Amino acid sequence: MLTVKCFARYRALLGFSDLALPAVPTLGDLLADPRFADLPKDALLAVNQAFADRSTPLTDGDEVAFMPPVSGG
């Protein structure tokens, strides 16, 4: 199983803060799930607390996080 976490405005956008899903081969495969169709293309993606891209492999027990981009000034 994978644990998927949403942070900040993505919680309301996707309708959950934590979700458990069966493992899939890559982060891109996970993002193909219709539950993530509303996730913006500029979302920051992380696997096991390290930034990741869609080609990142996933294994059972991984934690995936979706975070909005952050800016400061």
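Each remark here, short or long, concerns the structure printed above.
Notes on the structure in this doc start here. Here the structure is a predicted model, which means the values were calculated and not measured.

## Focus: the packing of aromatic side chains
Under the definition given, this model contains two aromatic pairs. Ring centres of F16 and F36 lie 6.1 Å apart, and the angle between their planes is 65 degrees; this geometry places the pair in the edge-to-face category. With F16 in the loop between α1 (9-14) and β2 (18-21) and F36 in the loop between α2 (27-31) and β3 (44-47), the pair connects residues that are 20 residues apart, well separated along the chain. An identical accessibility class is assigned to F16 and F36; each is buried. Each residue in the set F16, F36 and F66 is aromatic and connected to the rest through ring pairs, giving one cluster.

## Quick look at unusual backbone geometry
Peptide bonds are trans in most cases, and residues, glycine excluded, mostly fall at negative phi. A positive phi is found at N48, a non-glycine position, where the angle reads about 50 degrees. Inspection of the secondary structure puts N48 in the loop between β3 and β4 (50-51). The exposure class of N48 is partly exposed, given its relative accessible area of 42%. The phi torsion at Q49 lies on the positive side, around 65 degrees, for a residue other than glycine. Looking at the element boundaries, Q49 is found in the loop between β3 and β4. The class of Q49 is exposed, set by a relative accessible area of 74%.

## Some details on the sheet that holds strand β1 (residues 2-6)
Judged by pairing direction, the sheet is mixed, and its five strands sit side by side in the order β2-β1-β5-β3-β4 without closing on themselves. Of all the strands in the sheet, just β2 and β4 have a single pairing partner and so form its edges. Of the pairings in the sheet, the one linking β1 to strand β5 (residues 63-67) comprises four bridges and is parallel in character. Note that in β5 the partner of K5 across the bridge is A65.

## Describing the pairing of β3
Alignment of β3 against β5, held across four bridges, turns out to be antiparallel. Within β5, the position partnered with V47 by the bridge is V64. Across two bridges, the pairing between β3 and β4 is antiparallel. Bridge pairing links V47 to A50 in β4. The hairpin formed by β3 and β4 contains two residues between the paired strands, and N48 there has a positive phi angle of roughly 50 degrees.

Criteria and thresholds
- Residue indices follow the written sequence of each chain, beginning from 1 at its first position.
- With the structure being a predicted model, the display of local features is reserved for residues of pLDDT at least 70 and the display and counting of side-chain atom pairs for 80 or more, all residues being used for whole-chain, interface and lining totals.
- Side-chain numbers here rest on the full set of heavy atoms in the structure, without hydrogens or water.
- Ring geometry is summarised as follows: Phe, Tyr and Trp rings, the Trp one being its six-membered ring, pair when their centres sit within 6.5 Å, and such pairs are stacked at plane angles under 30 degrees, edge-to-face over 60 and tilted between the two.
- Going along the chain from the N terminus, every DSSP run of H or I of four or more residues is numbered as a helix, and every run of E of two or more is numbered as a strand.
- Burial classification: accessible surface area is computed with a 1.4 Å probe over protein chains only, and a residue below 20% of its type maximum counts as buried, one above 50% as exposed, and the rest as partly exposed.
- Strand pairing follows a simple DSSP-based rule, namely that at least 2 bridges must link the two strands.

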